[in-house]
Amino acid sequence: MANIEDFTGYQPTWCPGCGDWGIGMAIKKALVDLNFSPDKVAVVFGIGCSGNMNDFLNAYALHSLHGRAIPNAIGIKLANHKLPVIAVVGDGDCYGEGGNHLIHAARGNHDITVIVHDNRVYGLTTGQSAPTSPKGFKSKSTPFGLIESPINPLTLVLAAGATFVAQGFAGDINHLIAIIKDAISHQGFSLINVLQPCVTFNKINTYQYYLQRVYKLDDSYQKEDIKKALEKSLELNEEKFPLGIIYQKKSRSYHQQLPQLLSDKALIDKERFVEYDRLILGFI
Amino acid sequence: MIFTWKIGGEAGFGIMTTGLLFSKIASRLGYQILDYVEYPSLIRGGHNAYEVCVSDCQVTALNKEIDILVCLNRETFEKHKQRLTPQSFVIYDSEEFNFEDNFQKVVVPFKKILNDFGGQAVMKNTIALGASLALLGGKIEVLTNLIKEQFNKKGDEVVKFNQQFAIAGYEEVRKKYSSSIKNFLAEKEKKEEKMIISGNEAFSLGAVVADCRFYAAYPMTPSSSVLHTLASWQEKTGMIVRHAEDEISVINTALGASFAGVRSAVGTSGGGFSLMVESLSFAGVAEIPIVVFLAQRPGPATGMPTWTEQGDLLFAAFAGHGEFPKIVLAPGDQKEMIELTLKAFNLADTYQTPVIVISDMYLSEGHRSVEREWFEKIITNYKINRGKIAVSPQPQPKTENFLRYKITEDGISEKILPGTPGYFYQENSYEHLEDGHTTEEAKPRIDQVDKRNKKWATYLENDFQLPNFYGDKEAEIIFVAWGSTKGVLLEAQKKLNEKRVKTGFYHFNHLYPLNQEKVGFLFEKNKRYILVENNSWGQLGKILAMETGVKIEEKILRYDGRPIAVDDIVKNFLS
């Protein structure tokens, strides 16, 4: 049995009070609760303050390029689907630079868990506006205020066909742990948008801001209903933030539909193909 | 004996399939072939042409003259008549068009036969194949058998329906042109079983034999048929083939699969490769093996998508930001494509870095005869070498951080597969310590840069190969070329030799990095070196100048989208 310590790497370099601390702790606790150890899980990190978790979390890990963690995660899953695969990414990383990958990973129902640190600002590059920054957001790159409307990540991935869509809050670790566990256990593509205050560069979307606007979905909420889920997701546009599983649907994941993997052996463990005659005949 | 058969017609009417069938017919009758396709970047309305050069010995280049031109429309005649001689045969339908009596006419009533049997326009091709076979003295059974294999699944009736067009074309020529019939395709008594493979198929076969288990691509001419071929084999080979949303996803999915431990490759052309380049740099620093198949076409940007050029050598050699080792190979023909693809996967694993295999439209889409026995020998002799990947470390009492980037003499560190019990590690796009953690300190930075650079030294020592030399060692004229122009130069050498012009030829297929010292020594004073390239810059010349100080002033360059022709070379020496 592994414990939190086993998953703990180097001392984090996040700003004091940063939401990443809570997310980092929640991921570690979820992995412990799920009975994983660092040698039994694969994590891909994007680039940004979120991605810097690579040094603070022990696992078989790939610290990728900005925006590219999702395709890396898909590749790992296809090569060895016995490993749980998690992508730890940021909002600029995943909704900006890597937006195309997100859409297609969702529609492919690839069995990976994407945890987005959504602080609605670029932290590591010192405070430019992000795809989820509110309209009018003044930053170094938008000194007169952001013209674009923010991306609504929940609506976006629901429309793209994601089979597990959730929202968590870095200020409520216990609730986030439960969501992460459900997401990793889900068969197929899962996305958790984690509302994460950036204490240094985002003076608008603070802990206070979120505490006044988040609310937990209760047991009466029907997470299997896509229309309700879409409706719920649209609340973000009115600055209301539902927390919990917005949508979940049972559906075979991408690798479960590959005839190559029906034998249950992972791609990496399969016997080498040697029946070359079967190919040669086509060339005669 | 050597002859050229060419068929042309409107795009979208089966010219490609027909050309390949002709190659297979010639091969099954015991001959060797080389073929080449011409088509515009559209699906309907343009002109498609397919040319097959047939001989009893190895064919390495296209001929200047066309001996049999099959015109399914007038455009074919107009476009290619300048390559006809008075002895050339033109197979055509005089109902469609006619021309003056300067070539040997073989009138085949395509339209009438189609009407008589109630066929569709695409079946003109079958009639044309039957007519060609009759004219060349081949037996019809080869063609009817091929048709049977093609349509067997659809039942006897469909087979017979299609066969009758072949027979009609065949009989038409036998009856009306019995005095013109040649014995060019008379069945050989001794036949070696041969495969007809394109450069792309050669790469695909190589990838399978090398136990590549993951291939990703986004369609892009002229690399797409690798995607089609490997995808169609998936259920047999067990390889996973992913058509991803863009080339950035393509290479990153493959890098993920490679990180997890399976041999992985991607394929693309220049534009798609441009999108992959950032990730190539990632593979370099994170030390992830990857084989990149780069089938060139004329650029820049969208360029001339369905034509050929060797314009991306410099780009491939220097692709990626920062300094990291990568290996660039460029096979000269289909056989070399198989051999170097097999080698590429071993090199990628051995050096844990990207290996680029360069092709171009001419090599990728053209077919050549490859003896089945030769290929089977290659398979038997191939040894998978995964280098220091998948080592099994001692079990640990407590889970430990594996030193993925341990400093070593040869620059290569051991890798255990993710999921190996008792360990964990990360592969990192940031500069890192031996344990994979990010660092910005000076000392480990220098250590890791030096470590990665050592891989090149190790490669040059152990796996680099000098250019192959063909021709006369004493010759004063030495051609210098790389990749797909090999066959054309060999043929040009033959032609020049007949005219008593002695030549030598250095063919480079290990393009980058170059062993400066060894390569530099190849070039002697007082000899006339001539660079031959299918581009406008002489890109190999630039690499040679940069890496070895050798400057080649004389150049034969072609960059109109067409492959270099034997005549482009030979004409310079026959004044």
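Quick caveat: nothing in here was measured; it's all calculated off a predicted structure.

1. Here we look at the overall build of chain B
(1) Moving on: Check the secondary structure of chain B and you find 19 helices and 23 strands.
(2) Moving on: Projected onto the principal axes, the alpha-carbon positions of chain B cover approximately 85 × 65 × 45 Å.
(3) Moving on: Expressed as a percentage of the 575 residues in chain B, the buried residues total 54%.
(4) Moving on: When contacts within chain B are restricted to residue pairs at least 6 apart in sequence, those whose partners lie at least 24 apart make up 74%.

2. Regarding the overall build of chain A
(1) Moving on: When helices and strands are tallied, chain A shows 10 helices and eight strands.
(2) Moving on: Based on the C-alpha atoms only, the size of chain A along its principal axes is roughly 70 × 40 × 40 Å.
(3) Moving on: The buried share of chain A, taken over its 284 residues, is 52%.
(4) Moving on: Long-range contacts, defined here as pairs at least 24 residues apart, represent 72% of the contacts in chain A between residues at least 6 apart.

3. Points about unusual backbone geometry
Residues and elements named next belong to chain B.
(1) Moving on: Geometrically, the link from T221 to P222 is a cis peptide bond, its omega value of 0° lying close to zero.
(2) Moving on: Position of P222 relative to the elements: it lies in the loop between β8 (214-217) and α8 (224-237).
(3) Moving on: The residue after G299, namely P300, is reached through a cis peptide bond having omega -5°.
(4) Moving on: Even without being a glycine, D211 presents a positive backbone phi close to 65°.
(5) Moving on: You can see D211 is positioned in the loop between α7 (199-209) and β8.
(6) Moving on: Since 18 C-beta atoms lie within 10 Å of it, D211 is described here as partly exposed.
(7) Moving on: Phi at R500 takes a positive value of approximately 65°, unusual for a residue other than glycine.
(8) Moving on: One can find R500 in the loop between α16 (486-498) and β20 (503-508).
(9) Moving on: A tally of 6 C-beta atoms within 10 Å means that R500 is categorised as exposed.

4. Details of helix α5 (residues 140-151) of chain B
Residues and elements named next belong to chain B.
(1) Moving on: Here α5 contains 12 residues, and its C-alpha end-to-end distance of 17 Å stays within 8% of the 16 Å for a straight helix at 1.5 Å per residue.
(2) Moving on: Listing the buried residues of α5 in full gives V142, L143 and I147. Considered in projection along α5, the buried side chains sweep an arc of 135° and stay on one side of the axis.
(3) Moving on: On the buried face of α5, the contacting elements are α1 (15-28), α4 (124-135) and α6 (156-176).

5. Some points on the interface of chain A and chain B
(1) Moving on: Each partner contributes to the interface: chain A provides 45 residues, whereas chain B provides 53 residues.
(2) Moving on: Of all the secondary structure elements, the ones that give two or more residues to the side of chain A that touches chain B are β2 (60-63), α3 (69-79), α5 (99-108) and α10 (277-280) of chain A.
(3) Moving on: In terms of residue count, the dominant contributor to the side of chain A that touches chain B is α3(A) (eight residues).
(4) Moving on: Of the residues contributing to the side of chain A that touches chain B, the split by class is 25 nonpolar, 12 polar and eight charged.

6. So, helix α15 (residues 442-462) of chain B
(1) Moving on: Along its 21 residues, α15(B) runs 30 Å from first to last C-alpha, staying within 8% of the 30 Å computed at 1.5 Å per residue.
(2) Moving on: Residues of α15(B) that are buried in the fold lie against β12 (327-329) and α12 (334-351) of chain B.

7. As for the packing of α7(B) against α8(B)
Residues and elements named next belong to chain B.
(1) Moving on: Closest axis-to-axis distance for the α7/α8 pair is 9 Å, and the angle between their directions is 35°. Of the two possible hands of crossing, α7 and α8 adopt the one that is right-handed. On α8, the residues that touch N200, E201, F203, S204, A207 and V208 of α7 are S225, V226, T229, L230, W233 and T237.
(2) Moving on: Its residues placed into classes, the contact of α7 with α8 shows six nonpolar, five polar and one charged.

8. Quick look at the sheet that holds strand β9 (residues 240-243) of chain B
Residues and elements named next belong to chain B.
(1) Moving on: The mixed open sheet is built from seven strands, whose spatial order is β9-β8-β10-β11-β13-β12-β21. Only two strands of the sheet have a single partner each, and these edge strands are β9 and β21 (510-512). Between one strand axis and the next, the sheet turns by 25° as a mean value, whatever way the strands run.
(2) Moving on: Across four bridges, strand β10 (residues 264-268) lies against strand β11 (residues 290-296) in parallel orientation. Bridge pairing in β11 places V266 opposite V292.
(3) Moving on: Docked against the sheet, helix α9 (residues 247-260) engages β8, β9, β10 and β11, running at close to 165° with respect to β10.

9. Here's the deal with the confidence of the model for chain B
(1) Moving on: Mean pLDDT over chain B works out to 96, with 100% of the residues at or above the 70 mark.
(2) Moving on: Overall fold confidence for the complex sits at a pTM of 0.97, while the interface term, ipTM, reaches 0.98.

10. Examining the sheet that holds strand β22 (residues 528-533) of chain B
All names here are of chain B.
(1) Moving on: Here we have five strands laid out as an open sheet, ordered β18-β20-β19-β22-β23, and mixed in their pairing. Both edges of this open sheet fall to β18 (468-471) and β23 (554-557), since each of them pairs with a single strand only. Between one strand and the next, the sheet's axes are offset by a mean angle of 25°, whatever the strand orientation.
(2) Moving on: Alignment of β18 against β20, held across four bridges, turns out to be antiparallel. The residue bridging N468 from the neighbouring strand is H507, located in β20.
(3) Moving on: Against the sheet, helix α18 (residues 539-548) touches β19 (477-482), β20, β22 and β23, its axis set at about 130° to β22.

11. Brief notes about the environment of G127(A)
Residue and element names in this part refer to chain A.
(1) Moving on: Mapped onto the secondary structure, G127 falls in the loop between β4 (113-118) and α6 (153-159).
(2) Moving on: Look at G127 and you get partly exposed, because 17 C-beta atoms sit within 10 Å.
(3) Moving on: Taking the C-alpha atoms as reference, G127 lies 6.4 Å from S139; in sequence the two are 12 residues apart.
(4) Moving on: Setting aside residues up to four positions removed in sequence, G127 forms contacts with V121, Y122, S139, K140 and F201.

12. Observations regarding the nonpolar core
(1) Moving on: A87(A), V165(A), I180(A), I91(B), F214(B), V266(B) and V357(B) are the most contacted members of the largest nonpolar core, which has 246 residues in total.
(2) Moving on: No other element matches the nine residues that α12(B) contributes to this core.
(3) Moving on: Formed by eight residues, the second largest nonpolar core is a distinct cluster that contains W14(A), A130(A), C198(A) and F201(A).

13. Quick notes on the pairing of β23(B)
All names here are of chain B.
(1) Moving on: Bridge count for β22 against β23 is four bridges, and the pairing is parallel. Bridged to E533 within β23 is L557.
(2) Moving on: With respect to chirality, the unit in which β22 leads through α18 into the neighbouring parallel β23 is right-handed.

The rules behind the values
- Residues numbered from 1 in each chain as written.
- Chains lettered and ligands numbered in written order.
- Predicted model: local features only at pLDDT ≥ 70, side-chain atom pairs only at ≥ 80, totals over all residues.
- Helix = DSSP H or I, 4+ residues; strand = E, 2+ residues; numbered from the N terminus.
- Buried ≥ 20, exposed ≤ 12 C-beta atoms within 10 Å, placed from the backbone.
- Contact = placed C-beta atoms within 7 Å.
- Expected span 1.5 Å × (residues − 1).
- Arc of directions from axis to C-beta.
- Nonpolar A, V, L, I, M, F, W, Y, C, P; charged D, E, K, R; others polar.
- Axes fitted to C-alpha atoms, helices over the stretch in contact; angles between N-to-C directions.
- Left-handed = near helix turned anticlockwise from the far one by under 90°.
- Pairing = 2+ DSSP bridges.
- pLDDT = per-residue confidence, 0-100.
- Core = buried A, V, L, I, M, F, W, Y, C linked by C-beta atoms within 7 Å.
- Right-handed = clockwise from strand over helix to strand, strands pointing away.

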